[in-house]
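If you want the building blocks of each chain, they are given just below.
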Amino acid sequence: MHQSTTPLLDSALLLEGLHSRTEQAVLLHTYSPVTGERLCIAAAGVHDVRLRRELAFTPGAVDRLRRAPLDTDAPGLVMLANLAGHDASLRQDLRQIRSVQVALTDSPLPGWILVSVPVRRLPGAPAIPGAEPRVVAAVSILVPDHVAGDPLVAYGRLMRNAVQAAIDTSVVIPHHRFAAAQAA
């Protein structure tokens, strides 16, 4: 049980857990319906020396990892595939992403790949009873491209399972100020 007071704290626990299991950088992206962009709102494991060096030598990569159009790379594509209604007509690539619930693309950082899964509710966020949750975010692992094949599939599976477990096992613990305001 996560003893936090906000979904972002529970999400940070999820990101740290995935980073410790994979030893890769893990990112949490959400999207802006106004701009049609995906935005990185949290990360774990980004202090790796190799990653920091490559980011320093690739102008613009940090900005593109922080913010990009939804149709640019894995985090945006996995959200885009799941934002459309189930009866909506989708491109073939988006239908496949929706089917497997994992997206894989090159990252904005040359030599690295993004593996992303959708998040339908942040861990610790309240669920709406009876409603099918919409995608609110994507969790991504930033992996050097020399890792290929089965490890990437395993990362996708691991992330899907970890996200679902975090959502299923986290408990919303209201902050005492909010509980007092609601009682008044």
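What comes next concerns the included structure. From a predicted model like this one, the values you see are computed outputs, not experimental measurements.

**Observations regarding the environment of Thr 72**
In this fold, Thr 72 is placed in the loop between β3 (67-69) and α4 (74-83). For Thr 72, a relative accessible area of 42% gives the class partly exposed. Once the C-alpha coordinates of Thr 72 and Thr 105 are considered, the two residues, 33 residues apart in sequence, prove to be 8.9 Å apart. At 3.0 Å, the side chain of Thr 72 and the backbone oxygen of Pro 69 are in polar contact.

**A closer look at the pairing of strand β2 (residues 37-44)**
Bridge count between strand β1 (residues 25-32) and β2: seven bridges; the pairing is antiparallel. Paired with Tyr 31 across the bridge in β2 is Arg 38. Joining the antiparallel neighbours β1 and β2 is a turn of four residues, in which Gly 36 adopts a positive phi near 70 degrees. Relative to β3, β2 runs antiparallel, the two being bridged by three bridges. Across the sheet, residue Arg 38 finds its bridge partner in β3, namely Ala 68.

**A few points about the packing of α4 against helix α5 (residues 92-100)**
At a closest axis distance of 9 Å, the pairing of α4 and α5 adopts a crossing angle of 90 degrees. The orientation of α4 relative to α5 falls into the category roughly perpendicular. Residues Leu 77, Val 78, Leu 80, Ala 81 and Asn 82 of α4 pack against Leu 94, Ile 97 and Arg 98 of α5. The residue inventory of the contact of α4 with α5, partitioned by class, reads six nonpolar, one polar and one charged.

**A few points about the side chain of Glu 37**
Of note, Glu 37 is situated in strand β2. Setting aside anything within four residues of it in sequence, one finds Glu 37 in contact with Thr 30, Tyr 31, Ser 32, Arg 67, Ala 68, Pro 69 and Leu 70.

**Topic: the pattern of salt bridges**
Side chains bearing opposite charge may pair, as long as their charged atoms lie close to each other. As enumerated under the stated definition, the model contains five salt bridges in all. The partner of Arg 67 in a salt bridge is Glu 37, with the nearest N and O atoms 2.6 Å apart. In this pair, Arg 67 is assigned in strand β3 and Glu 37 in strand β2, connecting sequence segments 30 residues apart. The partner of Arg 38 in a salt bridge is Asp 73, with the nearest N and O atoms 2.7 Å apart. With Arg 38 in strand β2 and Asp 73 in the loop between β3 and α4, this residue pair connects regions lying 35 residues apart in the sequence. Of the two residues, Arg 38 and Asp 73, neither departs from the other in class, the shared state being buried.

What counts as what
Residues numbered from 1 in each chain as written. Predicted model: local features only at pLDDT ≥ 70, side-chain atom pairs only at ≥ 80, totals over all residues. Heavy atoms only, no water. Helix = DSSP H or I, 4+ residues; strand = E, 2+ residues; numbered from the N terminus. Buried < 20%, exposed > 50% of the residue type's maximum accessible area, 1.4 Å probe, protein only. Polar contact = N/O pair within 3.5 Å; in protein donor to acceptor, adjacent residues only side chain to side chain. Pairing = 2+ DSSP bridges. Axes fitted to C-alpha atoms, helices over the stretch in contact; angles between N-to-C directions. Parallel < 35°, antiparallel > 145°, perpendicular 65-115°, else oblique. Contact = heavy atoms within 4.5 Å. Nonpolar A, V, L, I, M, F, W, Y, C, P; charged D, E, K, R; others polar. Salt bridge = Lys/Arg side-chain N within 4 Å of Asp/Glu carboxyl O.

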